[in-house]
Amino acid sequence: MDSTSSHQSQMESFYSSTPCPFLAWKQYLPDTPYSDCSPIIPLITAATAFIKKDTKLVTRDELFEQRFFLLDFEKLSSDAELLGDWPSLGEELEDRTERVCGIFGLAMHHMVSSEKVEGDENNTFPIVRARIFNHQVFTQLKQLKSSYFQRLVTIQGTVVRVSPIRPCNTWLAWQCPSCMAEVVTYQMEGKFTSPSRCTGGCRNSRNFLPLRSSRSTVCVDRQVVRLQEVLEEEGGEGGRVPRTVECELTEDLCDSCQPGDIVKLSGVVKVVASDETTGKRSKNKSMYLLYLATLGITNPRAKGSRTTNLGIEFTYNDYALVQEIHSSGDQMMKLLVHSLCPTIYGHNMVKAGLLLGLFGGTTKSVTAALPVRGDPHILVVGDPGLGKSQMLTAACNVAPRGVFVTGNTTTTSGLTVTLTRESGNDFALEA
């Protein structure tokens, strides 16, 4: 046992003493030590050549501001020159996606850092991430099982819950109590991990003191969203409770969506211990929950690529249609009522009420003694089979942001928004 540990310490000291020309190797490839004969170096060269061929290459100033760049999945998997230099890229894109994104991120960072800028003596550049998009293979939530563990998937659904942004520790510095040397360890998936031995020369293996204020300690933003499946696109399973999955957003992906948005997420399926297995008296220590470590997000309702404002863009045909509807005069209300949920015949009064609820009214709070809200509440009562759920679903689809919920998925605290308590005495809004 002692010979194995000494051999491992010798290997770590050898890799740590090898000079690395890539400034941010550990940040992008924390599990892979650098060496001059590493098989990753030709892959970085191939990734750099692929990035330089991109006609829409972002500038240095844009990278510094947004801290990410996009990778087209279809171009990666179909580029002949890249596949010739990287034959296993197609397989690694599915099974080792985080490693591929780390290599492309390191290639971009090294390419930008190599450029000399006037006034920057240190020539330092922040960490930029490669974000995958245009992955056309969609996975339904009912198919998301243990067979997809550590694989790349793309799912689509409605955001029903967004947690507050919290700092997550990725690299933590420690101080050895014997030789007072500083040891930095990588915190895998946010798990608190202490060093196994001191790399400063002594053989100490315990009682390390964490240095949270050290410059070597690195924290990133982390946010958790809950995604709910769209029942209309999942095979017509409208009679059951919608499935949900937790998705982890980090760094630039935080605050890229709001509750009610229909988004597409691409990421790696991972597992986390459930609340039932964290206790000391728990018997099911091997029970886990699936979650998605997001590597890319597409929000069609957001203006641009990474904003939280509604980006409803109209074409010239849309403007012409709006003018045509406006020219109908007194028949405008009748046309709009008949356009809402046309598959249900009749029920014009119900459709008119839902339409007025979509448009809303005027808030009277300036001159009135008692403030009156402008958004009305609509109560629809009727016999089964009259189309109430279909008309409500149509109204939800017409709204720029909306979530369709049923009575068995809500509580008495509210149908629209529920304030839920999280660990650490934090609260989150759940739609």
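Bear in mind the structure is a predicted one, so any value in this text is a computation, not a measurement. (Residues numbered from 1 in each chain as written. Predicted model: local features only at pLDDT ≥ 70, side-chain atom pairs only at ≥ 80, totals over all residues. Heavy atoms only, no water.)

Each helix and strand in the protein was counted, giving 12 helices and 12 strands. Looking at the 431 residues of the protein, the share that counts as buried comes to 35%. By sequence separation, contacts in the protein at least 24 residues apart represent 63% of the contacts at least 6 residues apart. Carbon and sulfur atoms provide 54% of the accessible area of the protein, an area that totals close to 26700 Å². (Helix = DSSP H or I, 4+ residues; strand = E, 2+ residues; numbered from the N terminus. Buried < 20%, exposed > 50% of the residue type's maximum accessible area, 1.4 Å probe, protein only. Contact = heavy atoms within 4.5 Å. Areas by Shrake-Rupley, 256 points an atom, 1.4 Å probe, with all protein chains shown as cover.)

The subject of this paragraph is the pattern of salt bridges. Going through the model one piece at a time under the given rule, you end up with 10 salt bridges. Notably, a salt bridge pairs D95 with R151, separated by 2.7 Å at the nearest N-O pair. Separated by 56 residues along the polypeptide, D95 in helix α7 (residues 89–95) and R151 in the loop between β2 (129–133) and β3 (152–162) bring together distant segments of the chain. By relative accessible area, which is 32% here, R151 ends up partly exposed. Between R129 and E251 there is a salt bridge, with its nearest N and O atoms 3.1 Å apart. With a gap of 122 residues between them, R129 in strand β2 and E251 in the loop between β8 (244–250) and β9 (262–273) connect regions that are remote in the sequence. Several salt bridges share partner residues, and in doing so they unite K53, D79 and E81 into one network. (Salt bridge = Lys/Arg side-chain N within 4 Å of Asp/Glu carboxyl O.)

This part takes up the confidence of the model for the protein. Taken residue by residue, the protein gives an average pLDDT of 76. The fraction at 70 or more is 77%. Note on residues 1–17: pLDDT is under 50 here. Beyond four places in sequence and across chains, it has eight contacts. Below pLDDT 50 for its whole length, residues 303–311 participates in 26 contacts with residues either more than four positions away or in separate chains. (pLDDT = per-residue confidence, 0-100.)

On to the packing of helix α10 (residues 332–339) against helix α11 (residues 348–359). Between α10 and α11, the shortest axis-to-axis distance is 9 Å and the interhelical angle comes to 100°. The angle between α10 and α11 places the two elements in the roughly perpendicular class. Judged by residue contacts, M333, L336, V337 and H338 of α10 engage N348, K351, A352, L355, L356 and F359 from α11. Class assignment of the residues belonging to the contact of α10 with α11 gives a composition of seven nonpolar, two polar and one charged. (Axes fitted to C-alpha atoms, helices over the stretch in contact; angles between N-to-C directions. Parallel < 35°, antiparallel > 145°, perpendicular 65-115°, else oblique. Nonpolar A, V, L, I, M, F, W, Y, C, P; charged D, E, K, R; others polar.)

The biggest cluster of nonpolar side chains holds 38 residues, and the ones touching the most others in it are F69 and F104. Put simply, the parts of the chain that give this core at least two residues each are α2 (25–28), α3 (40–53), β1 (68–72), α5 (73–78), α7, α8 (97–113) and β2. Top element by residues in this core is α8. It accounts for nine residues. Contact partners of F69, with chain neighbours within four places excluded, come to I51, V58, L63, F104, G105, M108, V128, R129, A130 and R131. Formed by 18 residues, the second largest nonpolar core is a distinct cluster that contains I155, V225, C247 and L253. (Core = buried A, V, L, I, M, F, W, Y, C linked by side-chain atoms within 4.5 Å.)

Of all 11 residues that make up β3, 10 are buried, and the element is covered over most of its length. Sheet analysis places β3 next to strand β7 (residues 218–228), joined by four bridges and oriented antiparallel. For V162, the partnering residue across the bridge sits in β7 and is V225. (Pairing = 2+ DSSP bridges.)

The next thing to look at is the packing of aromatic side chains. Enumeration according to the criterion identifies four aromatic pairs in this entry. Between W86 and F104 the ring centres are 6.0 Å apart and the planes differ by 15°, which places this aromatic pair in the stacked class. Pair noted here: W86 is in the loop between α6 (80–85) and α7 and F104 is in helix α8, with a separation of 18 residues, a long-range link. Each member of the pair, W86 together with F104, is buried. An aromatic cluster is present here, built from F50, W86 and F104 joined pairwise through their rings. Taking NZ or CZ as reference, R67 lies 5.1 Å from the ring centre of F64, over its face. (Phe/Tyr/Trp six-rings, centres within 6.5 Å; stacked < 30°, edge-to-face > 60°. Lys NZ or Arg CZ within 6 Å of the ring centre and 35° of its normal.)

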